[in-house]
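Architecture at a glance
Each chain is listed here by its residues.
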Amino acid sequence: FERHDRDAHRIATVITSDLVQRMLAGGGAAVWEGISAESTQLGKVTEALRILVLSSDGLVKAGSDPVIVGTRIEVKANPDCPGCDSARAEDFPIAGTVATPGGGRRLRVVNAIPNLPGCHACHDATKPVRGYLSIDFDLSSLDRTVKERRTSMVMVGLTACLVLMTLMALLFRRLAMRSINALILGVERL
């Protein structure tokens, strides 16, 4: 899981940098359509389930899931948005696992979109975080691997116990029963 988490953090940092450069290029409302299209492509390349670009107040401005674009996600004290209530860009990226409606798990990595000097033409310069980038990765394959590994460890343990019990039975029969049979024969002769 730790390796998966580290890789997700690196991917989030690269995607954030890429999308921030696209935002800095400007273009008004059309930039968000381009960012949504790029988010979809980046999701395919990185195997991310969903990439969302949120404003600092939680409005989904762009993303790979067009159904969610335009909705609002609570950013304060929301466990589904890890770290979104942090005001410091240095605290990011932050990851957390979230449950899916189907009972699965996702690794959600949230990265801050920093308020760079190039942003100050359109955005307030006093806010250190301009928005958030949320990326979801599927953990089902990781969960499956853990389950398979656990099952194989149990099977190895059961096999080892069975072999050990058989060996003990053979040794008992050979060492203890041989002596007992010799004693019985000796008593019968007597």
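Residues numbered from 1 in each chain as written. Predicted model: local features only at pLDDT ≥ 70, side-chain atom pairs only at ≥ 80, totals over all residues. Heavy atoms only, no water.

Remarks on a nonpolar patch on the surface
Quick note on the threshold: Patch membership requires over 30% relative accessible area and the absence of a salt bridge. Like charges are linked within 9 Å, and nonpolar side chains (Val, Leu, Ile, Met, Phe, Trp, Tyr) within 5 Å. Accessible surface is estimated by sampling points in the Shrake-Rupley manner with a 1.4 Å probe; for residues, cover comes only from the protein chains shown. The salt bridge definition used is simple: a Lys or Arg side-chain nitrogen within 4 Å of an Asp or Glu carboxyl oxygen. Each helix corresponds to a stretch of at least 4 residues labelled H or I by DSSP, and each strand to a stretch of at least 2 residues labelled E; elements are numbered beginning at the N terminus.
A surface patch of nonpolar side chains, amounting to about 510 Å² of accessible area, comprises Leu164, Leu167, Met168, Leu171 and Leu175. Relative to the elements of secondary structure, Leu164 occurs in helix α3 (residues 140-189).

Here we look at the pattern of salt bridges
Inclusion rule: The cut-offs for exposure are 20% and 50% of the maximum accessible area for each residue type, with area from a 1.4 Å probe on protein chains only; residues under the lower value are buried, those over the upper are exposed, and the others partly exposed.
Using the criterion set out here, one finds two salt bridges in the structure. Among the salt bridges present, the one from Arg108 reaches Asp136, with a minimum N-O distance of 2.6 Å. Of this pair, Arg108 sits in strand β4 (residues 105-114) while Asp136 sits in strand β5 (residues 129-138), and the two are 28 residues apart along the sequence. For the residue pair Arg108 and Asp136, the accessibility class agrees, reading buried in each case. Overlapping salt bridges bring together Arg50, Arg108 and Asp136 as one network.

Some remarks on the pairing of β4
Condition: Note on pairing: two strands pair once DSSP finds at least 2 bridges between them.
Across the 10 residues that make up β4, a large majority, seven, are buried. Across six bridges, the pairing between strand β3 (residues 94-99) and β4 is antiparallel. When the sheet's bridge partners are listed, Ala95 is paired in β4 with Val109. Between the antiparallel neighbours β3 and β4 lie five residues, among them Gly103 with a positive phi of about 95 degrees.

What to know about the confidence of the model for the protein
Where the model shows low pLDDT, its predicted coordinates should not be examined in detail. Formally: Predictor confidence is given residue by residue as pLDDT, running from a minimum of 0 to a maximum of 100.
Of the residues in the protein, 84% reach a pLDDT of 70 or more, and the chain-wide mean stands at 78. Mean pLDDT in the protein bottoms out at helix α1 (residues 2-24), which sits at 73, and peaks at α3, which reaches 85.

Concerning helix α2 (residues 30-46)
Each α-helix winds once per 3.6 residues, and so residues spaced three or four apart point in a common direction. Put simply, the rule reads: The span you would expect from a helix comes to 1.5 Å times its residue count less one.
The end-to-end C-alpha distance of α2 is 24 Å, a good match for the 24 Å that 17 residues give at a rise of 1.5 Å each. Along α2, the residues classified as buried are Val31, Gly34, Ile35, Ser36, Glu38, Ser39, Leu42, Gly43 and Thr46. Positive phi shows up at Glu47, right after α2, with a value of about 60 degrees.

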